[in-house]
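Tertiary structure, described
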Amino acid sequence: MDRRRHVLICGGAGYIGSHMVRALVEKGWEPVVFDNLSTGHHESVQHEGVTLIRGDLMDKQSLRRVFAEYSFDAVAHFAGLIAVGESVLSPLTYYQNNVAGTLNLVEVMVESHVLRLVFSSTAAVYGNPGTEPIPENHPCLPLNPYGHSKLMVETILEDCCQAYGLRSVALRYFNAAGAHPSGEIGEAHASETHLIPLCIRAAMGTGPELKIFGDDYLTPDGTCIRDYVHVCDLADAHISALEFMDQGPGMHVFNLGNGNGFSVKEVLAAVEKVGGKPVPHRMAQRRAGDAAVLVADSSRARRELGWRPRYSDIETIVRHAWNWHMQQKFGGE
Ligand code: UDP
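Now for a description of the structure that goes with this document. Here the structure is a predicted model, which is why all the values come from computation and not from measurement.

Rules used in this analysis
- Residues numbered from 1 in each chain as written.
- Predicted model: local features only at pLDDT ≥ 70, side-chain atom pairs only at ≥ 80, totals over all residues.
- Heavy atoms only, no water.
- Near = heavy atom within 4 Å.
- Areas by Shrake-Rupley, 256 points an atom, 1.4 Å probe, with all protein chains shown as cover.
- Helix = DSSP H or I, 4+ residues; strand = E, 2+ residues; numbered from the N terminus.
- Nonpolar A, V, L, I, M, F, W, Y, C, P; charged D, E, K, R; others polar.
- Core = buried A, V, L, I, M, F, W, Y, C linked by side-chain atoms within 4.5 Å.
- Buried < 20%, exposed > 50% of the residue type's maximum accessible area, 1.4 Å probe, protein only.
- Contact = heavy atoms within 4.5 Å.
- Phe/Tyr/Trp six-rings, centres within 6.5 Å; stacked < 30°, edge-to-face > 60°.
- Arc of directions from axis to C-beta.
- Axes fitted to C-alpha atoms, helices over the stretch in contact; angles between N-to-C directions.
- Parallel < 35°, antiparallel > 145°, perpendicular 65-115°, else oblique.
- Left-handed = near helix turned anticlockwise from the far one by under 90°.
- Salt bridge = Lys/Arg side-chain N within 4 Å of Asp/Glu carboxyl O.

**A word on the site of the ligand**
Inspection of the region around the ligand gives 15 residues, with Leu195, Lys211, Arg226, Arg287 and Asp290 positioned closest. Against a free-state accessible area of 510 Å², the protein chains account for coverage of 88% of the ligand. Looking at the shell around the ligand, the elements that each hand over two or more residues are α6 (195-204) and β8 (210-213). No other element matches the four residues that β8 contributes to the shell around the ligand. Class assignment for the residues of the shell around the ligand results in eight nonpolar, three polar and four charged.

**A few points about the nonpolar core**
In this structure, Ile9, Ile16, Met20, Leu171, Leu242 and Leu256 are the most contacted members of the largest nonpolar core, which totals 38 residues. Among the secondary structure elements, those contributing two or more residues to this core are β1 (7-10), α1 (15-26), β4 (74-77), β6 (167-173), α7 (231-244), β11 (250-256) and α9 (299-305). Considering each element in turn, this core owes the most residues, eight residues, to α7. Setting aside anything within four residues of it in sequence, one finds leucine 242 in contact with Arg5, Val7, Met20, Leu24, Trp29, Ala74 and Val118. By size, the runner-up hydrophobic cluster in this structure holds 28 residues, among which are Ile200, Ala203, Ile225 and Tyr228.

**With respect to the packing of aromatic side chains**
Inspection of every chain in the model, using the stated rule, returns four aromatic pairs. Ring plane angle 35 degrees and centroid distance 6.4 Å describe the contact between tyrosine 126 and phenylalanine 174, whose orientation is recorded as tilted. On the criterion of sequence distance, the pair formed by tyrosine 126 in the loop between β5 (116-122) and α5 (145-164) and phenylalanine 174 in the loop between β6 and β7 (175-177) is long-range, its members being 48 residues apart. For the pair formed by tyrosine 126 and phenylalanine 174, the shared burial category is buried. When the centroid spacing of 5.5 Å and the interplanar angle of 90 degrees are considered together, the rings of phenylalanine 244 and phenylalanine 254 count as edge-to-face. With phenylalanine 244 in helix α7 and phenylalanine 254 in strand β11, this pair connects stretches of sequence that are ten residues apart. For phenylalanine 244, a relative accessible area of 7% puts it in the buried group. The exposure class assigned to phenylalanine 254 is buried, which follows from its relative accessible area of 0%.

**Concerning the side chain of aspartate 35**
By the element assignment, aspartate 35 lies in strand β2 (residues 32-35). In this view, aspartate 35 contacts Gly11, Gly12, Ala13, Gly14, Gly40, Leu52, Ile53, Arg54 and Gly55; residues no more than four positions away in its chain are not counted.

**As for helix α2 (residues 60-69)**
In an α-helix, one turn spans 3.6 residues; hence positions three or four apart end up facing the same way. Those residues of α2 not exposed but buried are Ser62, Leu63, Val66 and Phe67. Taken around the axis of α2, the buried residues stretch over an arc of 140 degrees, which confines them to a single face. Facing away from the buried surface of α2 by more than 90 degrees, the exposed residues are Arg65, Ala68 and Glu69. Looking at the buried residues of α2, the elements they touch are β1, β2, β3 (51-54), β4 and α4 (91-111).

**Section: unusual backbone geometry**
Cis geometry marks the peptide bond from glutamate 132 to proline 133, where omega comes out at 0 degrees. The topology assignment puts proline 133 in the loop between β5 and α5.

**Structural notes on the packing of α6 against helix α10 (residues 314-330)**
Between α6 and α10, the shortest axis-to-axis distance is 10 Å and the interhelical angle comes to 50 degrees. The angle between α6 and α10 falls in the class oblique. Pair α6 / α10 crosses with right-handed handedness. In this structure, α6 uses Ile196, Pro197, Ile200, Arg201, Ala203 and Met204 to contact α10, whose residues at the interface are Ile317, Val318, Ala321, Trp322, His325, Met326 and Lys329. Partitioning the contact of α6 with α10 into residue classes produces ten nonpolar, one polar and two charged.

**Some details on the pattern of salt bridges**
Under the defined criterion, the tally for this structure stands at 13 salt bridges. In this structure, glutamate 111 engages arginine 64 in a salt bridge whose closest nitrogen and oxygen atoms are separated by 2.7 Å. One end of the pair, glutamate 111, is in helix α4; the other, arginine 64, is in helix α2, and 47 residues separate them in sequence. We classify arginine 64 as partly exposed; its relative accessible area is 26%. A single salt-bridge network, built from bridges that share partners, covers Arg226, Arg287 and Asp290.

Structure, rendered in structure tokens:
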């Protein structure tokens, strides 16, 4: 049987989506990317076999045209706004984009009888969990509109699985990090808020000194602990999820993390070691909405998806991110 599939990748020009597109291309598939390019980059998907359609999930008519033109087997949905702080200041924008946009997508999928969806969810749905590592059945109490918007979509998908026979997998990412080993694509956020790229930019002198958001948490060194997971490993999990949905209808939720927590200070030390340069930094206030510790129990993904992260080592994750930033700094010179 021909295993090649026609997959629509919403938000495929963004950080995680573009790595998924690359993973599909490496497997010989021909993904169609639908992206409004508000935060994504067309260069990230300029690759043989990839079709880029510029469009917005808020525009249902343009979605309908895309579904009429192509015969998709499944959709992977990465499009969404992701900055926690911004979501607190502009909740309506987050609910519009992340919730209303997904409603449009699912509506058009159901109309078009395309009933397989892999959805990008987040560890932010857990809020400030009381346990570590966190299993999927831990109560979900998001701390901010971003986390709420993702949890709302999970609930909507669950209902649509019941009502319309949708098959859906929600992947709750912990801290996506790293870059493609080729150095060709990476984390290209115009206004960066994430720890590893900020450390790297500070070390390279292309960004300001790093502010460490709080060193008075109840953790061994006082700084927050996160579970960093390589973006290519996330992409692999999406491919496994596409195959997993062959097994039958229903909604399934999986955590994606390595199960190893690293503090902000440990990440900073890893960047200094990999880059061979100091990361200029200073202590700052806690950032609102930050949980002290977020570490995944991903045993369900390992067991049911057969997911095996290839790059679980923090130094490898940082090295790939560092190499991509070097490409950005010197690649064009
Ligand atoms: N962090 C920090 N300084 C920064 C950015 C992040 O100390 O400039 C900390 C943040 O408080 C959190 C960790 O680094 O504990 C990871 O934050 P990031 O924004 O990368 O991901 P999040 O965990 O919010 O998804």
